[in-house]
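Remarks on the overall topology
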Amino acid sequence: MSETLRLGVNIDHVATIRNARGIAHPDPIRAARMAAEAGADGITAHLREDRRHISDQDIERLSEQIDLPLNLEMAATQEMLAIALRHRPHAACIVPEKRREITTEGGLDAHGGANHLRRYVDTLGQAGIRVSLFVDPEPIQLEAALRLGAPVVELHTGCYADAEPGTWKVELERLRAAAALAEGMGLECHAGHGLSYDNVSPVAAIPNLRELNIGHFLIGEAIFGGLDSAIKRMRSLMDKARAEASGSRSA
Ligand code: PXP
């Protein structure tokens with residue numbers, strides 16, 4: 001049987017709503033606490049260069065007040081490195097960042113950017129922070145992550161989530177092949193971006209994945225039915241897909 005699949009809940013967009021008013025409500029740390037109670041395995045937060053959602057103080061409070069492992073998403077910049085070293089989160093996921101993008105569009109170019117990334121991977125790793133690289137599901141990127149010495153890759157599931165009805169299976173196959181390749185190379189493999197109740201099951205069924213990071217859909221869904229219920233439903237869809245896939249492999 002494949003190992004259980006962890007769920008990292010990304011709370012960025014609780015901060016997006018808070019910042020729309022410039023007051024303290026809704027508080028992303030309260031959301032992180034609720035996520036822990038609802039069965040999340042970790043909390044993910046992206047401190048963007050422009051601080052459009054999560055703030056420096058949020059990272060400080062998450063580090064001090066939340067017991068779940070914190071996965072800090074960060075660009076490979078000197079400023080973010082200093083913040084990561086100050087708070088020492090459980091994990092740091094290095095993501096590409098463009099100021100004008102709405103969300104993280106596309107994976108990191110670990111192959112082309114290896115010379116720049118090496119110092120970040122090394123320094124974070126030496127500080128005991130588990131480094132992950134957010135990459136597209138392409139062999140060249142996985143090989144680059146391995147050469148850089150990153151222990152984890154997170155596959156960008158955006159192309160799968162945004163695919164037209166005729167192409168989603170091709171995108172799913174790319175994810176499946178990349179996850180198998182990553183695990184075969186000894187990399188721990190995670191995935192995330194654009195996952196929802198409708199599209200999570202085929203991804204959760206990929207046996208080589210160890211963690212999914214999900215944010216926007218869960219926070220949006222929380223408006224209608226509450227965060228607790230959104231997380232529990234996502235968890236149950238993931239667990240069901242995992243159990244069914246494991247059952248059909250052993251049958
Ligand atoms: N993983 C990474 C590395 C991300 O940057 C994000 C947010 O863009 C997510 C997962 C979660 O994506 P979403 O908010 O679409 O669920």
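For the structure given in this document, a descriptive report is provided here.

Scoring rules and cut-offs
- Residues numbered from 1 in each chain as written.
- Predicted model: local features only at pLDDT ≥ 70, side-chain atom pairs only at ≥ 80, totals over all residues.
- Heavy atoms only, no water.
- Salt bridge = Lys/Arg side-chain N within 4 Å of Asp/Glu carboxyl O.
- Helix = DSSP H or I, 4+ residues; strand = E, 2+ residues; numbered from the N terminus.
- Buried < 20%, exposed > 50% of the residue type's maximum accessible area, 1.4 Å probe, protein only.
- Expected span 1.5 Å × (residues − 1).
- Arc of directions from axis to C-beta.
- Phe/Tyr/Trp six-rings, centres within 6.5 Å; stacked < 30°, edge-to-face > 60°.
- Lys NZ or Arg CZ within 6 Å of the ring centre and 35° of its normal.
- Axes fitted to C-alpha atoms, helices over the stretch in contact; angles between N-to-C directions.
- Parallel < 35°, antiparallel > 145°, perpendicular 65-115°, else oblique.
- Left-handed = near helix turned anticlockwise from the far one by under 90°.
- Contact = heavy atoms within 4.5 Å.
- Nonpolar A, V, L, I, M, F, W, Y, C, P; charged D, E, K, R; others polar.

**A look at the pattern of salt bridges**
One pass over the structure, following the stated rule, counts 16 salt bridges. Residues Asp58 and Arg18 are paired through a salt bridge, measuring 2.8 Å at the closest nitrogen-oxygen approach. Highlighted residues: Asp58 in helix 3 (residues 56-65) and Arg18 in helix 1 (residues 12-21), separated in sequence by 40 residues. In this structure, Asp58 and Arg18 share a single accessibility class: buried. Here Arg235 makes a salt bridge to Asp239, at a shortest N to O gap of 3.2 Å. Of this pair, Arg235 and Asp239 both sit in helix 11 (residues 227-250), four residues apart, which is roughly one turn of the helix. Each of Arg6, Arg130, Glu188 and Glu211 takes part in a single network of salt bridges with overlapping partners.

**What about helix 8 (residues 168-185)?**
Relative to the 26 Å expected for 18 residues at 1.5 Å per residue, helix 8 spans 26 Å between its end C-alpha atoms, a close match to the ideal helical length. Taken together, the buried positions of helix 8 are occupied by Glu171, Leu172, Leu175, Ala178, Ala179 and Ala182. Taken down its axis, helix 8 places every buried residue within 130° of arc, on the same side. Facing away from the buried side of helix 8, by more than 90 degrees, are the exposed residues Lys169, Val170 and Gly184. After helix 8 finishes, the residue Gly186 shows a positive phi value of roughly 90°.

**A look at the packing of aromatic side chains**
Aromatic ring pairs: the centre-centre distance and the angle between the two ring planes describe each pair. Taken as a whole, this structure holds two aromatic pairs when the rule is applied. Ring geometry for Tyr197 and Phe217: centres 4.7 Å apart, planes at 75°, overall edge-to-face. Remark: Phe217 occurs in helix 10 (residues 216-225) and Tyr197 occurs in the loop between strand 7 (188-192) and helix 9 (200-204); sequence separation between them is 20 residues. One cation-aromatic arrangement involves Arg119 over Tyr120; the distance from NZ or CZ to the ring centre is 4.9 Å.

**With respect to the packing of helix 6 (residues 139-148) against helix 8**
Relative orientation of the contacting elements helix 6 and helix 8 amounts to 25°, with a least axis distance of 10 Å. For the element pair helix 6 / helix 8, the angle class is roughly parallel. Crossing angle aside, the handedness with which helix 6 passes helix 8 is right-handed. Here helix 6 contributes Pro139, Leu142, Glu143 and Leu146 to the contact with helix 8, which in turn contributes Ala178, Leu181, Ala182 and Met185. Here the contact of helix 6 with helix 8 is built from residues that sort into seven nonpolar, no polar and one charged.

**Notes on the side chain of Arg48**
Mapped onto the elements of the fold, Arg48 is located in the loop between strand 2 (42-46) and helix 3. Setting aside residues no more than four positions away along its own chain, Arg48 makes contact with His53, Met80, Glu97, Lys98, Glu101, Thr103 and Thr104.

That's the geometry; what it means functionally is another story.
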